[in-house]
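Given next are the chains, with one letter for each unit.
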Amino acid sequence: MVLSRLKDAARRGRAEASLRKALSERGLEGAVNLRSLDDRLSASVLLNAGSGSVDVESLEADLTTASGLDRVVVVTSDHGQPTAPPPPPAPTPKPAGGGHADPLRLGSRPTERQGPQRPEGVKHVIAVASGKGGVGKSTVAASLALELLRAGKKVGLLDLDIHGPSLPVLFPTSERLRAEDGKIIPTEQAGLKLVSLGYMVDERTAVAWRGPMVMNAARQLIDDTAWGELDVLIVDTPPGTGDAHLSMIQRLKLDGAVLVATPSPLATADVRRGAALFQKVGTPLLGVVLNMTGGPFGDELDEALLNELELQIVARQALTVEAATLPFGPDSGLRLPDLVTKILADLTADNG
Ligand SMILES: Nc1ncnc2c1ncn2[C@@H]1O[C@H](COP(=O)(O)OP(=O)(O)OP(=O)(O)O)[C@@H](O)[C@H]1O
Ligand SMILES: [Mg+2]
């Protein structure tokens, strides 16, 4: 047991060193993140801005060979660049099922993207994330969506949690999402547009999906939803910083991100990881929602951390029955007045 753990650690160390060497030999710099899953070791590389144009696919292949890893995913941080020229025509699609390019069976073809974009008709996109599970991301995402709806905005809520979608629990419906001409049509509840894998496939189907399938499913939810006109799209993300997050930052232009944490001392590393993901791609952090306060760990987060990351706490929420009342209705969830004010101001600035 101990021996195999030592061997694992040694393999990780060697692979990471080879990966960093291969990057520097190509004059590239970026954040490297190694993960192991089912005995497979993979890495994501978030290239620093200014790395120039790289052929992501061939770089991924080169880095995989050089490092001996099972898989390397490269993400470029080309957010905020001027509008790119129109993308080249989509390559000949692989047959559906082959390469798992169409996990949601929409019959749509993957399109090339020159950097992240907002979905057509959507003015503003905000992600809700946390390095940790079960801290209240979905509750915050749903609460924020409802508050913006109450403020008179047209709002959509996208659930990118492929393995544990929450929207069907928060907003249950027997309706299955339809695809029309390869586009997903959101379901609607009290004016809120909702998209989740949980409204599309059986809960057990996605459980076995790994890396590329998860990335492709997230890509389809991002690229292939017909939202119509929206002022704000709120994106609920899975715990951690994994494959769905990579699809998100590669494809979705984010106007802001909200981190969710609890006052536990263990939250520090998670907040740092969550913040790093967004700071790397230049997404403004709107602040931290500190959830489940009032317990043994009090109502605060490490102040040195907040100062270091230039982060503010935008809401504090105690553990209450109302916050967890299901299904979600006007009285459920959190009140987030400062965060809503901030977002409404950003929307006004966008339009001005
Ligand atoms: N302030 C609160 N008071 C009481 N219960 C809460 C509070 N916030 C969230 N909960 C409950 O805690 C559980 C986890 O919340 P939620 O699903 O929003 O977390 P999450 O971070 O999205 O989890 P996951 O990482 O699994 O996606 C849910 O049962 C939710 O109703
Ligand atoms: Mg969740």
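As a convention, each chain's residues are numbered from 1 in the sequence order in which they are written. For naming, the first written chain is A and the first written ligand is 1, with later ones following in the order written. Note on the predicted model: pLDDT of at least 70 is required for a residue's local features to be given, and 80 or more for side-chain atom pairs to be given and counted; whole-chain, interface and lining totals, by contrast, use all residues.

Quick look at the overall build of the protein chain
Stated formally: The way it works is that DSSP assigns letters per residue, a run of H or I at least four long becomes a helix, a run of E at least two long becomes a strand, and they are numbered from the N terminus. Restricting the calculation to C-alpha atoms gives the radius of gyration, and the globule rule supplies 2.2 Å times the number of residues raised to the power 0.38. Buried residues are those with 20 or more other C-beta atoms within 10 Å of their own C-beta, exposed residues have 12 or fewer, and partly exposed residues lie in between; C-beta atoms are placed from the backbone.
Summing up its helical and strand segments, the protein chain has nine helices and 13 strands in all. Its C-alpha atoms give the protein chain a radius of gyration of 20 Å, near enough to 20 Å, the size a compact globule of 352 residues would have. The principal-axis extents of the C-alpha atoms in the protein chain amount to approximately 55 × 50 × 45 Å. Classification of the 352 residues of the protein chain by burial places 40% in the buried group.

Here we look at unusual backbone geometry
Where the residue is not glycine, phi is negative for most of them; where a peptide bond is considered, it is trans in most cases. A cis amide bond, omega -15°, links leucine 326 with the succeeding residue proline 327. Mapped onto the elements, proline 327 comes out in the loop between strand 13 (313–318) and helix 9 (337–351). A positive phi is found at glutamate 310, a non-glycine position, where the angle reads about 50°. With respect to the secondary-structure elements, glutamate 310 resides in the loop between helix 8 (303–308) and strand 13.

What to know about the site of ligand 1
This is how it is decided: Placing a C-beta atom from the backbone of each residue, we mark the residue near a molecule or strand if the atom is within 6 Å of it.
Near ligand 1, the surroundings consist of 19 residues, among which Gly133, Ser138, Thr139, Ala323 and Ala324 are the closest. For the shell around ligand 1, the element with the highest residue contribution is helix 3 (residues 137–150), accounting for three residues.

Notes on the packing of helix 5 (residues 211–223) against helix 6 (residues 243–251)
Stated formally: Here an angle of 0 to 180 degrees is reported between the N-to-C directions of two axes, which are lines fitted to C-alpha atoms, with helices fitted over the stretch in contact. An angle below 35 degrees is read as roughly parallel, one above 145 as roughly antiparallel, one from 65 to 115 as roughly perpendicular, and any other as oblique. In this scheme the crossing of two helices becomes right-handed for a clockwise turn of the near helix relative to the far one and left-handed for an anticlockwise turn of less than a right angle. Note on contacts: each residue gets a C-beta atom placed from the backbone, and two residues are in contact if those atoms are within 7 Å. For this scheme, ten residues count as nonpolar: Ala, Val, Leu, Ile, Met, Phe, Trp, Tyr, Cys and Pro. Four count as charged, namely Asp, Glu, Lys and Arg, and the remainder, Gly too, count as polar.
Running from amino to carboxyl end, helix 5 crosses helix 6 at an angle of 40°, the nearest separation of the two axes being 8 Å. Our classification of the angle between helix 5 and helix 6 gives oblique. As helix 5 packs across helix 6, the resulting crossing turns out to be right-handed. Residue-level inspection shows Gly211, Val214, Met215, Ala218, Arg219, Ile222 and Asp223 of helix 5 in contact with helix 6, the latter providing Asp243, Ala244, Leu246, Ser247, Met248 and Arg251. Classifying every residue of the contact of helix 5 with helix 6 by side-chain character gives seven nonpolar, two polar and four charged.

A short note on the pairing of strand 5 (residues 155–159)
Selection rule: Pairing between two strands is assigned when DSSP locates at least 2 bridges connecting them.
For strand 5, a buried count of five out of five residues is recorded, marking the element as mostly surrounded by other parts of the structure. Here strand 5 shows no split at all, with Val155, Leu157 and Asp159 on one side and Gly156 and Leu158 on the other all buried. Bridge count for strand 5 against strand 10 (residues 232–236) is five bridges, and the pairing is parallel. In the sheet register, glycine 156 faces strand 10, and the bridge partner there is leucine 233. Here four bridges tie strand 5 to strand 9 (residues 192–196), and the two strands are oriented parallel to one another. Note that in strand 9 the partner of leucine 158 across the bridge is valine 195.

Structural notes on the domain arrangement of the protein chain
Filter applied, for reference: Domain delimitation in this document rests on an assignment produced automatically or drawn from a domain database.
Examined at the domain level, the protein chain breaks down into domain 1 (2–76) and domain 2 (125–351). Of the residues lining the interface, eight residues belong to domain 1; the matching set on domain 2 comes to seven residues. Listed by contribution, the elements that provide at least two residues to the side of domain 1 that touches domain 2 are strand 1 (30–37), strand 2 (40–47) and strand 3 (71–76). Residue composition of the side of domain 1 that touches domain 2, by class: five nonpolar, two polar and one charged.

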